[in-house]
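Coordinate analysis (summary)
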Amino acid sequence: MNALTTTLDIPAFDHISYDAAVRAATIRAQHSFFDSHVIENDDGSFSAIDEGDYNALPQDLIDRIVHSVPGMMADDYDEANIARAASFMSVVMDPDWDADCPF
């Protein structure tokens, strides 16, 4: 057989699995400092994985990445996010301390 007559066993594209994995990766990335990735499995389906805290992804997983979503969580005190961070803070007033405050 030559290359022209050889058939390849390539699974059909599973768009439902791909959309679900992209949605899961996007949701996970919103609450993570680390990137989330969509990988293609051997059977043609797709899965969402997280990059993890300190461990690097193995090379076989890196080779199967088809989509990446950057981590969207930032530190609470980043200058760009200070207004948003301030909206989550609560302030408790102490009337006795305020009365004794000289300024």
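Remember, predicted model here, so these are calculated numbers, not experimental data.

Per the counting criterion, the structure on display carries 3 aromatic pairs. Geometrically, the ring pair formed by Phe13 and Tyr18 is tilted, given 5.7 Å between the ring centres and 50° between the ring planes. Overall, Tyr18 belongs to the partly exposed group, its relative accessible area being 22%.

Moving on, we get to the nonpolar core. Ala21, Val22, Ala25, Ala29, Val38, Phe46, Ala48 and Val69 form the largest nonpolar core, which has 8 residues in total. It is helix α1 (residues 15-30) that provides the largest number of residues to this core, a total of 4 residues. Excluding its chain neighbours within four sequence positions, the residues that come into contact with Ala48 are Ala21, Ala24, Ala25, Arg28 and His37.

Moving on to the sheet that holds strand β2 (residues 46-50). With antiparallel pairing, the 3 strands of this open sheet are ordered in space as β2-β1-β3. Strands with a single pairing partner mark the edges of an open sheet, and in this sheet they are β2 and β3 (65-69). Within this sheet the neighbouring strands show an average axis-to-axis angle of 25°, counted without direction. As defined by bridge partners, strand β1 (residues 36-40) adjoins β2 across 5 bridges and the pair is classed as antiparallel. Paired with Val38 across the bridge in β2 is Ala48.

This model, assessed by the stated rule, comprises 1 salt bridge. Between Asp50 and Arg28 there is a salt bridge; the shortest N-O distance is 3.8 Å. Taken together, the positions of Asp50 in strand β2 and Arg28 in helix α1 put the pair 22 residues apart, joining distant regions of the chain. Owing to a relative accessible area of 37%, Arg28 belongs among the partly exposed residues under this scheme.

Bringing α1 into the picture now. Look at α1: 23 Å from first C-alpha to last across 16 residues, which is about the 22 Å you get at 1.5 Å a residue. Those residues of α1 that fall on the buried side of the exposure criterion are Ser17, Ala21, Val22, Ala25 and Ala29. All buried residues of α1 project into a common sector of 130° when viewed along the axis, lining one side. Seen from the buried face of α1, the exposed residues on the opposite side, beyond 90 degrees, are Ile16 and Arg23. Contacts made by the buried residues of α1 are with β1, β2 and β3.

Thresholds applied
Residues numbered from 1 in each chain as written. Predicted model: local features only at pLDDT ≥ 70, side-chain atom pairs only at ≥ 80, totals over all residues. Heavy atoms only, no water. Phe/Tyr/Trp six-rings, centres within 6.5 Å; stacked < 30°, edge-to-face > 60°. Buried < 20%, exposed > 50% of the residue type's maximum accessible area, 1.4 Å probe, protein only. Core = buried A, V, L, I, M, F, W, Y, C linked by side-chain atoms within 4.5 Å. Helix = DSSP H or I, 4+ residues; strand = E, 2+ residues; numbered from the N terminus. Contact = heavy atoms within 4.5 Å. Pairing = 2+ DSSP bridges. Axes fitted to C-alpha atoms, helices over the stretch in contact; angles between N-to-C directions. Salt bridge = Lys/Arg side-chain N within 4 Å of Asp/Glu carboxyl O. Expected span 1.5 Å × (residues − 1). Arc of directions from axis to C-beta.

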